[in-house]
Amino acid sequence: MDRRDVLLSLTQDLLAAPGNRAGWEHFLSQLCRAVGGNAANLISISYGPQPSSMVVFAHTDPQAIADYTQHWFVHDPWALAA
């Protein structure tokens, strides 16, 4: 697959992702593959009248997630603002 095909495929995956956790997981996984990454994370926080948040991981070591939750979360300005 050439670079234009990869970019087109990523764009299609990105446009299909909103509103669908599985879509975001698929996009992040494909993004990792396309750029040679090991893991990707998406954190979305809404501060509107009905606050909400979404966290999606792709290929992320479960220990890294646990470490973040147990230690770094309390230092995350975005998480604290929510």
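Structural data are supplied above this passage.
Predicted model only: the values in this text are computed from it and were never measured.

A. Structural view of the nonpolar core. Counting nine residues, the largest nonpolar core is built from Leu10, Ala17, Trp24, Phe27, Leu28, Cys32, Ala40, Val56 and Ala58. For this core, the elements supplying multiple residues, two or more each, are α2 (21–35) and β2 (52–58). At four residues, the largest contribution of residues to this core is made by α2.

B. Looking closely at α2. Relative to the 21 Å expected for 15 residues at 1.5 Å per residue, α2 spans 21 Å between its end C-alpha atoms, a close match to the ideal helical length. Considering only its buried residues, α2 is in contact with α1 (3–16), β1 (40–46) and β2. The N-terminus of α2 is capped by asparagine 20, whose side-chain oxygen sits 3.0 Å from the backbone nitrogen of alanine 22. Phi for glycine 36, located one or two positions after α2, is positive at around 70°.

Quick notes on the rules
All residue numbers here refer to positions counted from 1 along the written sequence of the relevant chain. Side-chain atom pairs in this predicted model are given and counted only at pLDDT of 80 or more, local residue features only at pLDDT of at least 70, and totals for whole chains, interfaces and linings cover all residues. Only heavy atoms go into the side-chain values, all of them from the structure, while hydrogens and water stay out. By convention a nonpolar core is built from buried Ala, Val, Leu, Ile, Met, Phe, Trp, Tyr and Cys residues, the set being connected through side-chain atoms within 4.5 Å. Each residue is placed in one exposure class: buried if its accessible area under a 1.4 Å probe, protein chains only, is under 20% of its type's maximum, exposed if it is over 50%, and partly exposed if it falls in between. Per the convention used, a helix needs a DSSP run of H or I reaching at least four residues, while a strand needs a run of E reaching at least two, with both numbered from the N terminus. To estimate how far a helix should reach, multiply one less than its number of residues by 1.5 Å. Whether two residues touch is decided by their heavy atoms; if any such pair falls within 4.5 Å, the residues are in contact. What qualifies as a polar contact is a pair of N or O atoms within 3.5 Å, subject to a donor-acceptor requirement within protein and to the restriction that residues adjacent in sequence count only when both atoms come from side chains.

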